[in-house]
Amino acid sequence: RAPAARAEPAAGGAAGDAGTPADPEAPADPAPGLAELKAEHARHAEDLARANASYYNVSQEYTGFVRRSRENASAARQEGIEKVAAALLTVLDDVDLARQHGDLEGPFRSVAEKLENLLRTNFELERYGEVGEDFDPTFHEALMDTTSADVETPTVTTVIQPGYRMGEKVLRPARVGVTSPE
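Residues numbered from 1 in each chain as written. Predicted model: local features only at pLDDT ≥ 70, side-chain atom pairs only at ≥ 80, totals over all residues. Heavy atoms only, no water.

1. What about a nonpolar patch on the surface?
A contiguous nonpolar patch, built from Leu143, Met144 and Ile160 and spanning about 280 Å² of accessible area, is present on the exposed surface. In this structure Ile160 comes out as partly exposed when scored by relative accessible area, which is 46%. (Patch = residues over 30% accessible without salt bridge, like charges linked within 9 Å, V, L, I, M, F, W, Y side chains within 5 Å. Areas by Shrake-Rupley, 256 points an atom, 1.4 Å probe, with all protein chains shown as cover. Salt bridge = Lys/Arg side-chain N within 4 Å of Asp/Glu carboxyl O. Buried < 20%, exposed > 50% of the residue type's maximum accessible area, 1.4 Å probe, protein only.)

So this is what it looks like as structure tokens:
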């Protein structure tokens, strides 16, 4: 019955009824399939948002990986330099002992000085531990301790083995004899 009612006004419609629908309660569907297109658009927008979020996460992970890799490479390089320098400490001790005994002469003297200069300038390897220095337990290892009224603070009075450091890192503490105040 309803379809017949809609057809009647259209067929015999009055002058003012030409642009109005016959049933005012019936929804007007201006474009067939619009609801499906809107739903498909919403799905695509959601997929795009998920893809963008995934891309952002991967980008952040990659940036973190690159940063950590650079830090690890730098730390590994420094650790390698420190291991090589630590292995050379006994050689440097022998060079220092030869110098103290007057056996460091000729071409060997030149080679020893070049080695020491190279390690000092390129890698900041520094020998420390001199008689008269104030004793500092972070840089010195006390093997002997005596007391005396002649000193006001604990002082290095004997250097048994010099210490070495690279920058601020101690590779080997100086092994010393200390005189403390009474």
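2. Here's the deal with the pattern of salt bridges
Applying the stated criterion across every chain yields a total of 13 salt bridges. Each of Asp96, Arg99, Glu116 and Arg127 takes part in a single network of salt bridges with overlapping partners.

3. Some points on the layout of surface pockets
A water-sized probe, rolled over the atoms, reveals where empty space remains. Reported here for the largest pocket is a volume of approximately 190 Å³. Examining the composition of the lining of the largest pocket, we find that four residues originate from one element, helix 2 (residues 34-100), more than from any other. (1 Å grid on protein atoms, 1.4 Å probe; cavity = no way out; pocket = protein on both sides within 12 Å on 5 of 7 lines; lining within 4 Å. Points joined across faces, edges and corners; volume = space filled by probe spheres on them. Helix = DSSP H or I, 4+ residues; strand = E, 2+ residues; numbered from the N terminus.)

4. Side note on the packing of helix 2 against helix 3 (residues 106-123)
The N-to-C vectors of helix 2 and helix 3 enclose an angle of 140°; their axes lie 11 Å apart at closest approach. In terms of their interaxial angle, helix 2 and helix 3 are classed as oblique. Crossing handedness for the pair helix 2 and helix 3: left-handed. Together, Ile81, Leu88, Val91, Leu92, Val95 and Arg99 of helix 2 and Phe108, Ala112, Glu113, Leu115, Glu116, Leu119 and Phe123 of helix 3 make up the contact between the two elements. Of the residues contributing to the contact of helix 2 with helix 3, the split by class is ten nonpolar, no polar and three charged. (Axes fitted to C-alpha atoms, helices over the stretch in contact; angles between N-to-C directions. Parallel < 35°, antiparallel > 145°, perpendicular 65-115°, else oblique. Left-handed = near helix turned anticlockwise from the far one by under 90°. Contact = heavy atoms within 4.5 Å. Nonpolar A, V, L, I, M, F, W, Y, C, P; charged D, E, K, R; others polar.)

5. Structural notes on the confidence of the model for the protein chain
Should pLDDT be low for a region, the predicted coordinates there are not to be read in detail. Per-chain confidence: the protein chain averages 86 in pLDDT, with 84% of residues scoring 70 or above. For the protein chain, per-element mean pLDDT is lowest for helix 1 (residues 2-11), which scores 46, and highest for strand 4 (residues 163-166), which scores 95. Taken together, the stretch residues 1-19 has pLDDT below 50 and engages in five contacts with residues farther than four places along the chain or on a different chain. (pLDDT = per-residue confidence, 0-100.)

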